[in-house]
Amino acid sequence: MHMPAEQAFWCLVQICEKYLPGYYSEKLEAIQLDGEILFSLLPRVSPPAYKHLSKQKIDPILYMTEWFMCAFSRTLPWSSVLRVWDMFFCEGVKIIFRVGLVLLKYTLGSSEKLRSCQGQYETMEQLRALNPKIMQEAFLVQEVIELPVTERHIEREHLIQLKKWKETHGELQCKCPPRFHGAKAIRDSEPYPHGALEPSPSIILPPGATLSPKGRKSKPRKGAPKGPVTAGHQANGPLPEENGSLLEPDSSPLHRSKESLSSQESEDTYL
Amino acid sequence: MEAIWLYQFRLIVIGDSTVGKSCLIRRFTEGRFAQVSDPTVGVDFFSRLVEIEPGKRIKLQIWDTAGQERFRSITRAYYRNSVGGLLLFDITNRRSFQNVHEWLEETKAHVQPYQIVFVLVGHKCDLDTQRQVTRHEAEKLALAYDMKYIETSARDAINVEKAFTDLTRDIYELVKRGEISIQEGWEGVKSGFVPNVVHSSEEVVKSDRRCLC
């Protein structure tokens with residue numbers, strides 16, 4: 001991605017620990033559970049696609065494993081990956097669900113489209129070779145923004161599917177920590193105020209370089225939500241910097257995201 | 001629609017990660033070799049028609065699986081619906097050969113009540129100078145498990161066709177002899193005589209699934 005190796009590493013840590021906990025664990029239970037959640041959300045987005053996949057008994061893990069585990073980085077064209085990842089860092093796993101639902105809707109969502117996938121294999125082929133038009137950045141992002149699937153829907157389905165899972169598979173073997181829906185949720189969950197920590201830059205500035213009065217040092221250029229390990233890099237300001245930097249790579253003092261983050265405490269942060 | 005086929009066999013390709021499962025399948029289905037191949041995530045699918053006798057075509061549906069241990073919980077669900085399997089190891093990687101037992105145990109536990117016809121494949125045979133597993137010991141192991149053994153190279157296209165077509169022929173013989181039969185609710189073998197799945201809201205398209213013989 002467009003960030004130095006160290007920041008990219010910490011982003012990866014945050015993805016594994018906060019955004020998608022359990023995805024990369026031994027039994028892949030979290031992925032399978034999310035497959036069930038995705039499928040249960042499908043009827044509200046595209047009844048024909050849901051009916052078709054149910055009829056053909058296509059297990060969600062057959063098509064969504066790579067989508068979700070790689071957060072679409074292997075599926076979408078690069079320009080779309082960047083947009084989706086920006087939204088994902090900001091908003092959390094909801095974005096991944098929405099992208100998946102949009103792709104299913106536009107691949108299997110009409111009887112005309114279903115004509116060419118009468119068998120299970122043909123359907124899988126369609127989902128493997130997605131139409132480039134539906135993955136195109138402008139179209140996809142617009143659809144994802146407009147899709148009425150919220151964190152609350154996902155959490156509700158999560159509880160339902162978890163209950164079903166326990167009935168059929170027993171207790172989850174992976175005791176993974178709760179999932180955070182986006183940068184704000186992660187930040188809010190941290191037990192200490194960000195300003196209280198001393199900056200401890202791990203990237204050495206060249207001699208003569210001066211720091212801004214706000215003490216912004218090894219700032220992430222992109223939406224790198226910070227965990228405890230990197231919290232020391234955070235500026236003292238009260239602003240949710242990770243989101244500010246997401247929108248403003250060079251982080252001018254104007255944090256455009258401030259309003260949207262603070263004004264809306266509802267179930268969705270931005271969308 | 002596809003050309004007409006007599007049967008459809010579902011094959012599964014298993015073995016340790018990095019032994020070359022995806023590359024072998026790609027060579028067989030796409031006729032090319034990718035120098036760089038990303039690890040498979042979950043399962044992947046390929047298909048190809050094979051003519052085993054003049055006018056008799058079999059459609060192979062080939063399921064590629066992730067070799068990494070963590071994917072086992074996902075991939076093992078697909079052994080059941082396969083009639084044949086290629087069990088790969090890398091001739092330059094002793095460990096992948098030692099794990100062949102484990103793979104067989106794993107499949108045995110999850111395939112019941114059906115059976116899978118396996119062929120043992122020693123892959124990357126173009127790297128003979130780095131060989132860590134002799135042909136002799138591989139053949140011995142294959143014999144012990146009543147499998148055939150073949151050495152292949154996806155890079156140099158050695159025995160790739162043969163590995164798949166020999167397995168297909170063996171399965172075809174078993175089907176002809178009635179030792180393997182088409183069963184409702186089992187995807188391993190499908191007949192090409194009737195459309196196997198028809199979408200209810202669509203018209204039934206029968207015309208291109210007739211038998212040729």
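Here's a quick rundown of the structure. Only a predicted model underlies this, so the values are computations on that prediction, with no experimental measurement involved. (Residues numbered from 1 in each chain as written. Chains lettered and ligands numbered in written order. Predicted model: local features only at pLDDT ≥ 70, side-chain atom pairs only at ≥ 80, totals over all residues. Heavy atoms only, no water.)

### What about the packing of aromatic side chains?
Stated formally: To pair, rings of Phe, Tyr and Trp, with the six-membered ring standing in for Trp, must have centres within 6.5 Å; the planes then decide the type, stacked if under 30 degrees apart, edge-to-face if over 60, and tilted in the middle. Working definition: with a 1.4 Å probe on protein chains only, accessible area under 20% of the residue-type maximum means buried, over 50% means exposed, and in between means partly exposed. Segments assigned H or I by DSSP are reported as helices when at least four residues long, segments assigned E as strands when at least two residues long, and all are numbered from the N terminus. Placement of a positive charge over a ring is assigned whenever Lys NZ or Arg CZ falls within 6 Å of the ring centre and within 35 degrees of the normal to the ring plane.
Across all of its chains, the model carries 22 aromatic pairs over all chains by this definition. Here the aromatic rings of Phe-9 of chain A and Trp-10 of chain A are separated by 5.0 Å at their centres, their planes lie at 70 degrees, and the arrangement is edge-to-face. Assessed through its relative accessible area of 44%, Phe-9 of chain A is described here as partly exposed. Between Phe-89 of chain B and Tyr-149 of chain B, the ring centres sit 6.1 Å apart and the planes meet at 10 degrees, which makes this aromatic pair stacked. Taken together, the residues Phe-89 of chain B in strand β4 (residues 84–90) and Tyr-149 of chain B in strand β6 (residues 148–151) connect sequence positions 60 residues apart. Exposure class is identical for Phe-89 of chain B and Tyr-149 of chain B. Each is buried. Above the plane of the ring of Phe-46 of chain B lies Arg-128 of chain A, whose end atom (NZ or CZ) is 5.0 Å from the centre. Here Arg-48 of chain B stacks its cationic end above the ring of Phe-28 of chain B, 4.1 Å away from the centre of that ring.

### With respect to the nonpolar core
The following threshold applies: Throughout this description, the term nonpolar core refers to a set of buried Ala, Val, Leu, Ile, Met, Phe, Trp, Tyr and Cys residues connected via side-chain atoms within 4.5 Å. In this description, contact between two residues means that some pair of their heavy atoms is separated by no more than 4.5 Å.
In this structure, Tyr-63, Trp-67 and Leu-103 of chain A are the most contacted members of the largest nonpolar core, which totals 90 residues. Those residues in contact with Trp-67 of chain A, other than ones at most four positions away along the chain, are Phe-72, Thr-75, Gly-100, Leu-103, Leu-104, Leu-127 and Leu-130 of chain A. Residues Ile-58, Leu-86, Val-119 and Leu-167 of chain B belong to the second largest nonpolar core, which totals 34 residues.

### Here we look at helix α3 (residues 47–55) of chain A
Residues and elements named next belong to chain A. Note the cut-off: Think of the arc as the fan of directions from the helix axis to the C-beta atoms.
Regarding α3, the residues found buried are Ala-49, His-52 and Leu-53. Across the axial projection of α3, the buried residues extend over an arc of 95 degrees, all falling on one side. Facing away from the buried surface of α3 by more than 90 degrees, the exposed residues are Pro-47 and Lys-51. Of the surrounding secondary structure, the elements contacted by the buried residues of α3 are α2 (29–45), α4 (60–69), α6 (94–108), α7 (111–114) and α8 (120–128).

### As for the side chain of Ser-25 of chain A
Inspection of the secondary structure puts Ser-25 of chain A in the loop between α1 (5–19) and α2. Among all residues touching Ser-25 of chain A, those that are not within four sequence positions of it are Cys-174 of chain A together with Arg-70 of chain B.

### Some details on the pattern of salt bridges
Side chains that differ in sign of charge can pair as their charged atoms come close. Residue and element names in this part refer to chain B. Selection criterion: The working definition used for a salt bridge is a side-chain nitrogen of Lys or Arg within 4 Å of a carboxyl oxygen of Asp or Glu.
Considering all chains together, one arrives at 31 salt bridges over all chains under this definition. The residue Arg-10 makes a salt bridge to Glu-187 at a minimum N-O spacing of 3.5 Å. With Arg-10 in strand β1 (residues 7–15) and Glu-187 in the loop between α6 (160–176) and β7 (189–191), this pair connects stretches of sequence that are 177 residues apart. Assessed through its relative accessible area of 3%, Arg-10 is described here as buried. In this structure, the salt-bridge partner of Glu-151 is Arg-135, at a minimum N-O distance of 3.5 Å. Taken together, the positions of Glu-151 in strand β6 and Arg-135 in helix α5 (residues 135–144) put the pair 16 residues apart, joining distant regions of the chain. Residue class for Glu-151 comes out buried when judged on its relative accessible area of 3%. Residue classification places Arg-135 among the partly exposed residues on the basis of a relative accessible area of 41%. Taken together, the salt bridges that share partners define one network made up of Asp-128, Arg-131, Arg-135, Glu-139 and Glu-151.

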